[in-house]
Amino acid sequence: MAILFRVNTTLSGSASLVASRSIRSAGTTLGYDVALHSNGDVYVAGQSGTALPAYNPSSLTGFKTDDNSQVQGFFSRLSANLETTQYVTYIGGTDAQSWAAELALDDSGNAYVTGRTDSTNFPLKNQYVAGTGNQFIVKINSAVSGADSLVYSTRIWTGINRDIAVDSTGAVYVAGSHPSSGATMPAYGALYSTPSGLNDAFIAKFSPSGNILRFSTYFGGSDQDQIFSIRVSGENTVYFIGDTLSTNIPVAGSPFRTTSAGGKDAFYGVMNTAVSSAEFSSASSSDSETIGSVSIPVVLLHPDSSGTNTVSYNVTGGTAIGGGEDFTLGSGILTFVPNDTSENIILSIQDDQLDEVNNETIVIQLTGTTGSAILGNLLTHTYSITDNDTMTVQI
């Protein structure tokens, strides 16, 4: 049984207890994290046995209402006085246990929940494609009911997610510890791209859509390290705190202690997660073959304010024929001057006056960078040439 209290700390004794309630199921129910929205609503995440009740017939139903006779994670939103359950859902699959360990809220009241699942059929939606591990992130809109309340759900990698945070843009940050084995975390714009100890701490950032990794780094020394708590300032700055058994954890700035005091030490730090990266602004586009020329934007996220970056590209596939027959474009290089955020690949389309059975495609790939920028996530763009010719039949 999980118990939730609301306390007025300006009062003392029994007068300080404003409200309390229990959250029960047919088995063990554990409350792991709680958050308060600006309107006073209370959000709770944890782990529940079977038969977790909705408490109120008017409650919005969650995206998963069946416990499947498994220990599940759960998420619930309650009124400020704790008397009304406004939304409740299980979080998990059907064949093994899951639990919801940490949660965060954005200004609109959306909930971001992270935890662990051992299920092989954990529900996924708009998932991060490289995510195969036992840790998950879900975004829940508890203002709507049923399947629509699940905005996205994704696995990430193997480890322990100790905390989650969200910035003003909706980007999500998770931090915790990562073992030396299991589904590994890809490094993206990393301070440290590979683990250096038995368990390394990590920080990662995902796009507001939840399916694009925007930053990830290992952090630690040669022994065991973990981050327990993070806070986000602005869009990219993360404050973190954790503990370490390593004697060689990296230090920066002007720390008051640079060496281990023996045993397990605490550490804290600040990290900038802004990564200068180049990618297409969209995965595909199309137009008529009479268009003449087409501008395909390549964007530079978090551009360098002092140096020049270049991005190389090449045509790597498609059904259209190059060399001036259907289009003209080969390999090329885009140059981004300081603070430049967008440049265009210019594609020349030929109107061949032939009736094609199907639209023709051109696949363009970003292949490399120079300067401080790295390649981002959306590296392939497919352009479709829409045929405007009609077949003429002669008798």
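Residues numbered from 1 in each chain as written. Predicted model: local features only at pLDDT ≥ 70, side-chain atom pairs only at ≥ 80, totals over all residues. Heavy atoms only, no water.

### Comments concerning the overall build of the protein
- Helix and strand counts for the protein stand at 0 helices and 28 strands.
- Per-residue burial for the protein yields a buried fraction of 47% across its 395 residues.
- When the accessible surface of the protein is summed, it comes to about 18,100 Å², and 50% of that surface belongs to carbon and sulfur atoms.
- Of the side-chain charges in the protein, 15 are positive and 34 negative, and the distance between the mean point of each set is 21 Å. (Helix = DSSP H or I, 4+ residues; strand = E, 2+ residues; numbered from the N terminus. Buried < 20%, exposed > 50% of the residue type's maximum accessible area, 1.4 Å probe, protein only. Areas by Shrake-Rupley, 256 points an atom, 1.4 Å probe, with all protein chains shown as cover. Lys, Arg positive; Asp, Glu negative; His and termini not counted. Charge placed at Lys NZ, Arg CZ, Asp CG, Glu CD.)

### Focus: the sheet that holds strand S11 (residues 150-155)
- Taken in spatial order, the 4 strands line up as S8-S9-S10-S11 in an open sheet, and their pairing is antiparallel. Strand pairing shows two members of the sheet lacking a second neighbour, strand S8 (98-105) and S11, which therefore form its edges. This sheet shows a mean twist of 20° between the axes of neighbouring strands, independent of strand direction.
- Across 6 bridges, strand S9 (residues 111-117) lies against strand S10 (residues 135-140) in antiparallel orientation. Bridge pairing links arginine 116 to glutamine 135 in S10. (Pairing = 2+ DSSP bridges. Axes fitted to C-alpha atoms, helices over the stretch in contact; angles between N-to-C directions.)

### Observations regarding the nonpolar core
- By size, the foremost hydrophobic cluster in this structure holds 34 residues, and its most contacted members are Trp157 and Phe206.
- Listed by contribution, the elements that provide at least two residues to this core are strand S12 (160-166), strand S13 (172-179), strand S14 (199-206), strand S15 (213-219), strand S16 (225-233), strand S17 (237-244) and strand S18 (265-272).
- When residues of this core are assigned to their parent elements, the largest contribution, 5 residues, is made by S14. (Core = buried A, V, L, I, M, F, W, Y, C linked by side-chain atoms within 4.5 Å.)

### Regarding the pattern of salt bridges
- Enumeration according to the criterion identifies 4 salt bridges in this entry.
- With a shortest N-O distance of 3.1 Å, arginine 116 and aspartate 118 are connected by a salt bridge.
- In this structure, the salt-bridge partner of arginine 231 is aspartate 163, at a minimum N-O distance of 3.4 Å. With arginine 231 in strand S16 and aspartate 163 in strand S12, this pair connects stretches of sequence that are 68 residues apart.
- Look at aspartate 163 and you get buried, because its relative accessible area is 8%. (Salt bridge = Lys/Arg side-chain N within 4 Å of Asp/Glu carboxyl O.)

### Details of the side chain of glutamate 279
- With respect to the helices and strands, glutamate 279 occurs in strand S19 (residues 277-280).
- Of the polar contacts made by the side chain of glutamate 279, one reaches the side chain of arginine 214; its length is 2.9 Å.
- Not counting residues up to four positions away in its chain, the partners in contact with glutamate 279 are Arg214, Val298, Val299, Leu301, Leu366, Gly376, Asn377 and Leu378. (Polar contact = N/O pair within 3.5 Å; in protein donor to acceptor, adjacent residues only side chain to side chain. Contact = heavy atoms within 4.5 Å.)

### Let's talk about the packing of aromatic side chains
- One pass over the structure, following the stated rule, counts 10 aromatic pairs.
- Taking the centre distance of 5.8 Å and the plane angle of 40° together, the rings of tyrosine 43 and phenylalanine 75 count as tilted. Linking tyrosine 43 in strand S4 (residues 42-48) with phenylalanine 75 in strand S6 (residues 72-78), this pair joins segments that are 32 residues apart in sequence.
- Taken together, Tyr128, Trp157, Phe202 and Phe206 form an aromatic cluster joined through their ring pairs. (Phe/Tyr/Trp six-rings, centres within 6.5 Å; stacked < 30°, edge-to-face > 60°.)

### Looking at the sheet that holds S15
- Taken in spatial order, the 4 strands line up as S12-S13-S14-S15 in an open sheet, and their pairing is antiparallel. Looking along the sheet, the strands with just one partner apiece sit at the ends: S12 and S15. Sheet twist, expressed as the average angle between the axes of neighbouring strands with direction ignored, equals 15°.
- Relative to S13, S12 is paired through 6 bridges, and the arrangement is antiparallel. Looking at the pairing, aspartate 163 lines up with alanine 175 of S13.

### Focus on the environment of valine 315
- Structurally, valine 315 can be placed in strand S22 (residues 309-317).
- On the basis of relative accessible area, valine 315 is assigned to the partly exposed category, the value being 22%.
- On a C-alpha basis, the gap between valine 315 and aspartate 118 in space is 42 Å, while along the polypeptide they are 197 residues apart.

### Observations concerning the side chain of serine 149
- Checked against the element boundaries, serine 149 lands in the loop between S10 and S11.
- The class for serine 149 is buried, based on a relative accessible area of 0%.
- Ignoring anything within four residues of it in the chain, the contact list for serine 149 reads Gly62, Phe63, Tyr87, Lys139, Ile140, Asn141 and Val144.

### With respect to unusual backbone geometry
- One non-glycine residue, asparagine 126, adopts positive backbone phi at about 50°.
- Note on placement: asparagine 126 falls in the loop between S9 and S10.
- On the accessibility criterion, asparagine 126 (43% relative accessible area) is partly exposed.
- The phi angle at histidine 302 is positive, at roughly 50°, despite the residue not being glycine.
- Among the secondary structure elements, histidine 302 is positioned in the loop between strand S21 (293-301) and S22.

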